[in-house]
Structures are given as structure tokens and as C-alpha cells.
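Coordinate analysis (summary)
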Amino acid sequence: MAKQFEEVKQLNFSKLEVETLKWWKDNDIFKKSLTTREEGIPFTFYEGPPTANGKPGIHHVMSRTVKDLFCRYKTLKGYKVERKAGWDTHGLPVEIEVEKELDLEGRAQVEEYGISKYNDHCRKSVLKYKDLWDRLTNRMAYWVDLDDPYVTFENDYIESIWWAFKTLYDKGLVYQGYKIQWYSPGSGTVLSSHEVSLGYEEVQDPSIFVKFQLRMSEDTYFLAWTTTPWTIVSNMALAVNPKLTYAKIKLSEGDRTEYYILAKDCIEENIDHEYEIVEEYKGKEIIGWTYDPVFDFALEEYDRDDAWRVISADYVTTDEGTGVVHIAPAFGADDFDSCQEAGIPMFNPIDEDGKFTEKAPDFEGQWFKDADKEIARAIKDKYLMYKHETYVHNYPFDWRKGTPLMSYPVESWFIETTKVKDKMVEYNAEEINWKPPSTGSGRFGTWLENNVDWAISRQRYWGTPIPLWISDKDPEYVECIGSVEELKKKAGLSDDEEIDLHRPHIDDLTWEGPNGGTMRRVPDLLDVWFDSGAMPFAQWHYPFENKEKFKNEFSR
């Protein structure tokens, strides 16, 4: 035993590893692991790729080791395991890196610099450390086909994405909508729900109780609570729960007497002075009551009778606040939906960079979160602040930029995933063999059951363009392009003419529309997760190539 142990101690494992790697390479063992199993049952492996503008780390070695283990095991069991390498090349990580290199900040500076030059930098940046990645891949013997990888910025990959998008469009699953979404003014784009979940941080925000004066009354106010003073500028309604009990309370201080209306169950928690309940109402009784706006900026666009009234909302509770909810339809999905139902318009004085515009001249140019203090001070100066505290809670930030998000009204293109929601839930439960089963019935199943339509528009520069062209004379006339051949034919280009499917080159391609109009591409890009989701077929340039090979997988 001692002799055997001594022999093991004398082994040079590093040298053995290098020798083994060399033997595998000289004898093309990876390729043979495929060619010797041409008749084997396919085991599908999808390489979730890195973005090569960042250096590889030890965590990549660990994750790739696990992936390689499964592939080698299945190969040893006789399966044919094709493994195509890939590079993720689009999206915000690349843009953020380039903006740092070029010292650019915000959409205006990018556009002033020039989208063409900007995207050229993005293209160079994405493969900045490709040699490092290739060296690591080979050194750790991670078996993937590096000679023929898929690259998401290449025309072939984008063309397959366009085919998929047009397929959805032709099935009536694509529409244009106007919804409140989590938006990053720091990055200038909408974030997916997954991205939003990555960026929550515990923060201290101002907690203010605002007095909304009943119209035609000198001393009676609705009392509402908010942790976002900046949204008070855009207040258009107050919401109450029709089933709750509300009370009108009397507060006297010195020679001044005021009356506040709030949910009865919220009085003890929020009122710091002696009070007297003088009247009680059911929530449904006060729906329709009117009040004066705290700030009168919106009165430049709307009449008093257009808004500033109490509306019904079942989601109002007494768990926090006063049971009276301040509603700013421009900055909350529930707020927007409630106002749409009640016929109340939206007032948005904040631009896409997160700054107040000339619509709110007192705060023009201020970043929305920075304006909290000044807006709170202005409310106090109007004698409409009951109290001001600090509130600790979790708030979403842009997980890449570190800047706060905002619910923001964005016109977007949507994929109507809710139309096939029931079918997806059924297939997930009955036809997918999850390991462990709790993944399918738990996290993934819950996500499917709570599915909402996918907002796929992104207002950025480096990514897959949405292949929709709209008539500038008749916005109802839309054409969806599903291939490079179709695009060339529409734009009057020759078959052998080279084109770049990225902005701004793609935006220059126009053609005559109906009634003398011109067909112009919508400026938005596709959510980069569409790039990722298309990988199973786009990596093979399906259906333009390999159609016969994958006809059973992708032809449903």
C-alpha cells in the first residue's frame, strides 16, 4: 500500500493532463465522438453562450464542467451529442461597455456620436476576449465546436429570428400596445420581468402623507400616502375600495380645524394627533367625489372635470397607508388600468431620460428621484403635507447600470403569449418530464400561470431590429419581413448586394407604400431574450438551411 501511494505521489497530473489534451487533439477525438455515433439517438444540448467582451472566470470553468459531464456521459451511452459553440453579442451589456469606453452618457450623446459608429464599436467589443475564451475552452477540454460557432450578430442568425417573428405575426400574435412597464431611464430601455427581479435593493425613501383638498371645501381633505413624491406632480385620481369603511375625522390645532377622510382601520396607525370621528361612509359612497390637484401643471392640458375624482379599485387595502391611494396613471400599471376604466387621462411630465420636462416648469430638468426633496418641500409650502417620514423598502434598480427604475408609459410591440397560455400550462403539466418534478410544478409552472403578454420592443441601438415596416401615410398599414430575400425584393436591391441587418443601415431601406406613402421600419429592437429563445433553430440558420435535418423539431 505504501509503495502504491508513493507511485501516486510521483505522478505529474498537470503533465498527464496536457499529454491527454494533445492526444485528443492529434486524433480528433471530439469529432470522432460524433461521427462514430451517426446512427445514435440524438441528445439535444444547447450551449448557453458567453458574451466575449468580458473575461472568463473560474465560475465559467465550474458551469462548463457540469455541462460537459452530461454531454460526455450521454456520448458514452451511445447518444449522438452535437455541441455547437456560440457567442451572445447583442444587448445592454455590450452597449454599457462601449458607452464607458467612448465616454458617452444617455441617448442624446449616442445619437450625436452616430449610431453607425457606435454599433461598429459594439461589433468590435463583443469579441474582444474571444482568444481568451477559446484558450480556456481548449485548456479545460470543454468539447464544443469552436470552428463553426453561432454568432447572434450575424445576418444568418438574425434572418432566422425574423422568420420566427413573422411566423408569430402571421398567426396574429403580434400587436402594438401602450402599457406601463418597468423602464430604465439610465439605459433608456424597458426591462423584462426577469431583469427587474435581478436588481432589487433595500433603500430609504421619503414617506409622505399628502392632503388632497375636496373641491369647493376650505377645510376637508382626503389623506393619501406615497413613497414617491415625484409622482404627485402627475396625480390624476384617488382610489378607494368600495367595500371598506371610511371615516371623516376632525383635528384641531390652535385656532385651526381640519377634516381628513381615510379608511377607518388606518386612523390609529397614521394619525398622530387627537381626533374625533364625525362621519362614516362605505367606500362606494365617496366614489365620484372631486378634489383639487396639488399641482396645477396638468390643467394646461386638461379641464378640472376630466380628472381629480375618487375612483373604485378593489386592490386598495388597509395593510399600508391610509386606504386612499394616490393615482398617477403615467407611473403605475394598476394606476393606468384603473384610470383607463374610469375614463381619466394620463399626464406625463417626465422624458425618456428620467427628467422633468417643460410640462412641470418648477422642476424642469431634474432627475425624477432627485426631485423628491424639492417636490416634498413644495407640497409642504402649500400646507398640503400632513407628515413626512422615512420608509425602508425594496426598490428595483437597473441591474447593469445601478440606476433606479421607474414604471413608465412606453408604446411597445407585444407578443400575445396569453393567447396560448392555457396550452402552455397544459403541456408543462402533462408532457414535460421535469427533473426534479418540483421545478415544473413550482417555479416554472407558477411563472406560466401568471404569464402576461411579452413586451418585445427595446428602444436601443445594438441588437436585432424588429422587422416591421409601417406606412408613414397610413399607420394601419404594416408589413412584416421574414427573410433577407424578401427584404431585398421589397427595397429593390439586387440578390448579390451585401446588406447589414443592424441599425442604422436597415433603417435606410424603404419602399413605396399604399396611397403614395413610404414604408419605414419601426425604430425599435427586439428584446435580447428573443435572440436567446431563437437559438435552438437560429444557430442552424433554420429554415433557410438544415430544414430537412430539423423538420421534425421546428416545423410544428
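For the structure given in this document, a descriptive report is provided here. (Residues numbered from 1 in each chain as written. Predicted model: local features only at pLDDT ≥ 70, side-chain atom pairs only at ≥ 80, totals over all residues. Heavy atoms only, no water.)

Each helix and strand in the protein was counted, giving 21 helices and 21 strands. Its C-alpha atoms give the protein principal-axis dimensions of about 95 × 80 × 50 Å. Sorting the 556 residues of the protein into buried and exposed places 49% on the buried side. At a minimum sequence separation of 6, the contacts of the protein that also span at least 24 residues come to 74%. Of the side chains in the protein, 68 bear a positive and 102 a negative charge, and the two mean positions are spaced by 8 Å. (Helix = DSSP H or I, 4+ residues; strand = E, 2+ residues; numbered from the N terminus. Buried < 20%, exposed > 50% of the residue type's maximum accessible area, 1.4 Å probe, protein only. Contact = heavy atoms within 4.5 Å. Lys, Arg positive; Asp, Glu negative; His and termini not counted. Charge placed at Lys NZ, Arg CZ, Asp CG, Glu CD.)

What follows concerns the nonpolar core. Most often, soluble globular proteins have nonpolar side chains that are buried together. Ranked by size, the top nonpolar core spans 77 residues in total, and within it Phe222, Phe295 and Ile379 carry the most contacts. Ignoring sequence-local partners within four residues, the contact set of isoleucine 379 consists of Ile208, Val210, Ile232, Val294, Phe295, Leu384 and Met385. Formed by 23 residues, the second largest nonpolar core is a distinct cluster that contains Tyr157, Ile470, Ala538 and Tyr542. (Core = buried A, V, L, I, M, F, W, Y, C linked by side-chain atoms within 4.5 Å.)

A few words on the packing of aromatic side chains. The geometry of an aromatic ring pair is captured by the separation of the ring centres together with the interplanar angle, meaning the angle of the planes. Scanning all chains against the criterion turns up 33 aromatic pairs. Residues tryptophan 24 and tryptophan 143 carry aromatic rings whose centres are separated by 5.2 Å and whose planes lie at 65° to one another, so their mutual orientation is edge-to-face. Within this pair, whereas tryptophan 24 is found in helix α2 (residues 13-26), its partner tryptophan 143 is found in the loop between α8 (130-139) and β2 (145-151), the two being separated by 119 residues in sequence. A relative accessible area of 25% means that tryptophan 24 is categorised as partly exposed. With 4.9 Å between their ring centres and 25° between their planes, tyrosine 183 and tyrosine 408 make a pair best called stacked. (Phe/Tyr/Trp six-rings, centres within 6.5 Å; stacked < 30°, edge-to-face > 60°.)

What the three strands build is an open sheet, ordered β11-β7-β12; its pairing is mixed. Each of the sheet's edge strands pairs with one partner strand only, and the pair in question is β11 (309-312) and β12 (325-327). Averaged over all pairs of adjacent strands, the angle between strand axes in this sheet comes to 40°, irrespective of strand direction. Here helix α13 (residues 333-342) sits on the sheet in contact with β7 (237-240), β11 and β12, set at roughly 100° to β11. (Pairing = 2+ DSSP bridges. Axes fitted to C-alpha atoms, helices over the stretch in contact; angles between N-to-C directions.)

On to α8, then. Residues Trp133, Asp134, Leu136 and Thr137 constitute the buried set of α8. Looking down the long axis of α8, one finds its buried residues gathered within 165° of arc, a one-sided arrangement. In α8, the exposed positions that point more than 90 degrees away from the buried face belong to Asp131, Arg135 and Asn138. A positive backbone phi angle near 60° is found at alanine 141, which sits one or two residues after α8. (Arc of directions from axis to C-beta.)

This part is about the packing of helix α5 (residues 92-102) against helix α7 (residues 115-125). Running from N to C, α5 and α7 point in directions that differ by 110°, and their axes come no closer than 9 Å. Accordingly, the angle class assigned to the pair α5 and α7 is roughly perpendicular. Judged by the twist between their axes, the crossing of α5 over α7 is right-handed. When α5 is examined against α7, the residues Val94, Glu95, Glu97, Val98, Glu99, Glu101 and Leu102 are found in contact with a partner set consisting of Tyr118, His121, Cys122 and Ser125. (Parallel < 35°, antiparallel > 145°, perpendicular 65-115°, else oblique. Left-handed = near helix turned anticlockwise from the far one by under 90°.)

Across the sheet, four strands lie side by side as β4-β3-β14-β15; this open sheet has antiparallel pairing. Taken across any chain shown, the strands that pair with only one partner, and hence form the sheet edges, are β4 (189-190) and β15 (454-455). Where strand β3 (residues 174-184) lies against β4, two bridges are found, and the strand directions are antiparallel. Within β4, the position partnered with tyrosine 183 by the bridge is valine 190.

The subject of this paragraph is the side chain of serine 412. Within the element layout of this structure, serine 412 appears in strand β14 (residues 406-415). Overall, serine 412 belongs to the buried group, its relative accessible area being 1%. Setting aside chain neighbours within four positions, we find serine 412 in contact with Tyr175, Gln176, Gly177, Gln181, Ala455, Ile456 and Ser457.

Further remarks concern a negative patch on the surface. On the surface, Glu485, Asp495, Asp496, Glu497 and Glu498 cluster together into a negatively charged patch. Structurally, the position occupied by glutamate 497 is in the loop between α18 (484-491) and β19 (511-512). The exposure class of glutamate 497 is partly exposed, given its relative accessible area of 35%. (Patch = residues over 30% accessible without salt bridge, like charges linked within 9 Å, V, L, I, M, F, W, Y side chains within 5 Å. Areas by Shrake-Rupley, 256 points an atom, 1.4 Å probe, with all protein chains shown as cover. Salt bridge = Lys/Arg side-chain N within 4 Å of Asp/Glu carboxyl O.)

In this model, lysine 435 is joined to proline 436 through a cis peptide bond whose omega is -5°. Here proline 436 lies in the loop between α15 (421-430) and α16 (437-441). Following tyrosine 542, the chain continues to proline 543 via a peptide bond in cis, the omega torsion being 0°. Note that proline 543 resides in the loop between α20 (535-538) and α21 (551-554).

Another point: the pairing of strand β6 (residues 220-226). Within a regular strand, the side chains alternate between the two sheet faces. The buried count for β6 comes to seven of seven residues, which makes it a mostly enclosed element. What you see with β6 is no split at all: Thr220, Phe222, Ala224 and Thr226 on one side and Tyr221, Leu223 and Trp225 on the other are buried throughout. Pairing analysis gives six bridges linking strand β5 (residues 200-213) to β6, with the strands arranged antiparallel. Bridging from a neighbouring strand, glutamine 213 pairs with tyrosine 221 of β6. Between the antiparallel neighbours β5 and β6 lie six residues, among them methionine 216 with a positive phi of about 70°. As paired strands, β6 and strand β9 (residues 256-263) are joined by three bridges and run parallel to one another. Bridging across to β9, phenylalanine 222 finds its partner in isoleucine 261.

Moving on to the layout of surface pockets. In this structure, the second largest pocket encloses a volume near 660 Å³. Taken together, 20 residues line the second largest pocket, and the ones lying closest to its centre are Lys25, Phe30, Asn138, Trp143 and Val144. Only α2, α3 (29-35), α8 and β2 provide two or more residues apiece to the lining of the second largest pocket. With five residues, the top contributor of residues to the lining of the second largest pocket is α2. Classifying every residue of the lining of the second largest pocket gives 11 nonpolar, two polar and seven charged. (1 Å grid on protein atoms, 1.4 Å probe; cavity = no way out; pocket = protein on both sides within 12 Å on 5 of 7 lines; lining within 4 Å. Points joined across faces, edges and corners; volume = space filled by probe spheres on them. Nonpolar A, V, L, I, M, F, W, Y, C, P; charged D, E, K, R; others polar.)

These results come straight from atomic positions and should not be treated as a statement about function.
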